[in-house]
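# Working through the structure, step by step
The chain contents come next:
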Amino acid sequence: MEHAQKPLLRALSGEALWPPPFWLMRQAGRYLPEYRELRAQAGDFISLCTTPELAAEVTLQPIRRYGMDGAILFSDILMLPWALGQELRYAEGEGPLLAPIRDAAGLSALRPDMVRPNIAPILETVARVRAGLAAEAPRTTLIGFAGSPFTVACYMVDGKGGKDFAETRRLAYVDPLLFGKLIRLLVDSTVEYLLAQAEAGAEALMLFDSWAGLLSPAQFRRWSIEPAAAIVRGIRKARPDIPLIGFPRLAGPLIVEYADRAGVGTVAMDTGMDPRWAAAQVAPGVTLQGNLDPQAVVAGGAAMEAEARSILAAMRGRPFVFNLGHGIVPPTPPEHVAALARVIRTG
């Protein structure tokens, strides 16, 4: 199918389509029995992300089931710190564990020159998925992604997952020079990583700033908007036409400023964002994406349908991509996702 005919690419380019195209964050993952089967074969999570035949298969699984308009590369935002040489492992029941970087010595140990060789298996996955989509789902767009620098730094500095990332936020206040050096390194490495995904076959790119909402307004502008804008500038120099999606989760009213200054053509709304407010406040030329509560999909039935239809009604007439306000959660019944797809397709 010609590039311009893919529904998701049309919406990301600013066209208002009805019914809107859709895909779902974390659509490939633990709620699917076929994923759990492959996950068991892979051994550990990093091996799953860096074994191209397995990661490509996982990426394609939800497309085969539900026919989403977007297939997002199966990987993890922490594959970039891993590619930079930071020690990373995933502990059962604990999530990611990293060797924390909190001083100049830790920062200087990172190896930006190793990013390209280390991401080679991920790029092979991208190429495999693009070929698979061409054969199986030619209307579906392949989305590459990376974490935004602040969110990635949260894990790199704190050394683990969390809810408040106090060490990272403290470092940004007490040593903004050191923290700024880490952010700049991540900006440059993220540009390299995303452009490599585009070269390998990704047709759109997304930046996940999952923890941006932890920042004060001034810090949000400095550590979320400015780095996103720098990444967008870097990508646009090489690939001026590739669609870019930004997800400043929990940004609240600052989503308007992010949409205006970051330079992405599409902004994703989190679960707490009122879509009617966003539709009125975000510039009409910016595509909006979102924002059904993942727990509504766990619940299913009339409650899920009512929430989905409310979002659809708020977005009708403007460029829009239906999605969730955060990722699908593991308890989600697969049949509820199928029911949601039917609701979206009927508009």
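Residues numbered from 1 in each chain as written. Predicted model: local features only at pLDDT ≥ 70, side-chain atom pairs only at ≥ 80, totals over all residues. Heavy atoms only, no water.

The sites that carry the UniProt feature "site: Transition state stabilizer" (unreviewed entry) are, in the present numbering, D76. Along the chain, D76 falls in the loop between β1 (70-72) and α5 (79-83). For D76, a relative accessible area of 19% gives the class buried. Contact partners of D76, with chain neighbours within four places excluded, come to F45, C49, Y90 and F145. (UniProt positions renumbered as here; feature names shortened; annotations may be inferred. Helix = DSSP H or I, 4+ residues; strand = E, 2+ residues; numbered from the N terminus. Buried < 20%, exposed > 50% of the residue type's maximum accessible area, 1.4 Å probe, protein only. Contact = heavy atoms within 4.5 Å.)

Let us now look at helix α11 (residues 176-200). For α11, spanning 25 residues, the distance from its first C-alpha to its last is 35 Å, which sits close to the expected 36 Å at 1.5 Å a residue. Phi turns positive one or two residues past the end of α11, at G201, with a value near 135°. (Expected span 1.5 Å × (residues − 1).)

It is worth spelling out the pattern of salt bridges at this point. Taken as a whole and assessed by the stated rule, the structure comprises 13 salt bridges. Each of K6, R130 and E203 takes part in a single network of salt bridges with overlapping partners. (Salt bridge = Lys/Arg side-chain N within 4 Å of Asp/Glu carboxyl O.)

Where strand β2 (residues 88-91) and strand β3 (residues 95-98) come together, four bridges link them in antiparallel fashion. Directly across from Y90, in β3, lies its bridge partner P96. Between β2 and β3, which pair antiparallel one after the other, the connecting turn spans three residues, and G93 there sits at a positive phi close to 80°. (Pairing = 2+ DSSP bridges.)

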